[in-house]
Amino acid sequence: MHWGSVLEEGGAGMVRPYFRTHGRTRPTRDLPIETLVSITQRGRAVVRGSTQEETEICALLRTSQSVAEVAARRRIPLGVARVLLSDLADRGIVAVHTARKGSGNRPSLELMERILHGLSRL
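Attention in this report is confined to the structure presented alongside it. Chains are numbered independently. Their residues run from 1 in the order of the written sequence. Whole-chain, interface and lining totals are the exception, using all residues; otherwise, since this is a predicted model, local features are given only for residues with pLDDT of at least 70 and side-chain atom pairs are given and counted only at 80 or more. With hydrogens and water excluded, all non-hydrogen atoms of the structure serve as input to the side-chain values.

1. Considerations on the nonpolar core
Buried together is how nonpolar side chains tend to be arranged in soluble globular proteins. Ile 57, Leu 61, Val 70, Leu 85 and Val 94 are the most contacted members of the largest nonpolar core, which has 19 residues in total. The helix count covers DSSP runs of H or I at least four residues long, the strand count covers runs of E at least two residues long, and both are numbered beginning at the N terminus. When residues of this core are assigned to their parent elements, the largest contribution, six residues, is made by helix α6 (residues 78-90). Residues contacting Ile 57, with those up to four places away along its chain left out, are Val 70, Arg 74, Leu 84, Leu 85 and Leu 88. Here the nonpolar core consists of buried residues drawn from Ala, Val, Leu, Ile, Met, Phe, Trp, Tyr and Cys, with membership extended through side-chain atoms lying within 4.5 Å. Here the term buried applies to any residue with accessible area under 20% of the maximum for its type, exposed to any over 50%, and partly exposed to those in between, with areas from a 1.4 Å probe on protein chains only. By definition in these notes, contact holds between two residues if any of their heavy atoms fall within 4.5 Å.

Okay, structure coming up:
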C-alpha cells in the first residue's frame, strides 16, 4: 500500500496523529496555546521537502494565528499542531512570536480575547 494513496483516499481525518509527526510526541520548542505564529519570507517561497500538511499550515499562516487556532482550523490535535509548528519554526519557515505577559506571568487579556474571538469564528 502506498501512504500517499491513504492520505488522498482517507482524507486528513483518517490519518493517525503519530503518522503526521513521524512518531514524535514532543515539540522541540515550548509552544503554549496562546503563542502566535506566522509565516516567514522563506516560508512564502516553495519549500522542498514540505509535506502537504506543512504547506496547508503555511497557507493558513499568511496572517498570524495562535497555536490553538492552527489546531482548530486544521482539525488536528493540539499536540500534533505543536510538533508540526515547532518543526516549521526550526526550519525557519514560521516565526514564533512571544506573547506579552499580563499580571501574574499570564497571557494578557487582549491576547486571550483575540484567541477567544478567533476560535468562536470557527
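There's more to say after this.
2. A word on α6
How far a helix is expected to stretch is found by multiplying one less than its residue total by 1.5 Å. Spanning 13 residues, α6 covers 18 Å between terminal C-alpha atoms, matching the ideal 18 Å at 1.5 Å per step. Of all the positions in α6, only Val 80, Ala 81, Val 83, Leu 84, Leu 85, Ser 86, Asp 87, Leu 88 and Ala 89 are classed as buried. Immediately downstream of α6, the backbone of Gly 92 shows phi near 80°, a positive value.

3. Comments concerning the packing of helix α5 (residues 67-74) against α6
To get an axis, fit a line to the C-alpha atoms, keeping to the stretch in contact for a helix; angles then go from 0 to 180 degrees between the N-to-C directions. Between α5 and α6, whose axes approach to 9 Å, the crossing angle comes to 115°. The pairing of α5 with α6 is recorded here as roughly perpendicular in orientation. Our pair here, α5 against α6, has a crossing hand that is right-handed. When α5 is examined against α6, the residues Val 67, Ala 68, Val 70 and Ala 71 are found in contact with a partner set consisting of Leu 78, Ala 81, Arg 82 and Leu 85. For the contact of α5 with α6, a count of residues per class yields seven nonpolar, no polar and one charged. Angle categories are assigned with fixed cut-offs, so that under 35 degrees is roughly parallel, over 145 is roughly antiparallel, 65 to 115 is roughly perpendicular, and the rest are oblique. Two helices crossing with the near one rotated counterclockwise from the far one by less than a right angle form a left-handed crossing, whereas a clockwise rotation gives a right-handed crossing. Put simply, Ala, Val, Leu, Ile, Met, Phe, Trp, Tyr, Cys and Pro go in the nonpolar bin, Asp, Glu, Lys and Arg in the charged bin, and everything else, Gly too, in the polar bin.

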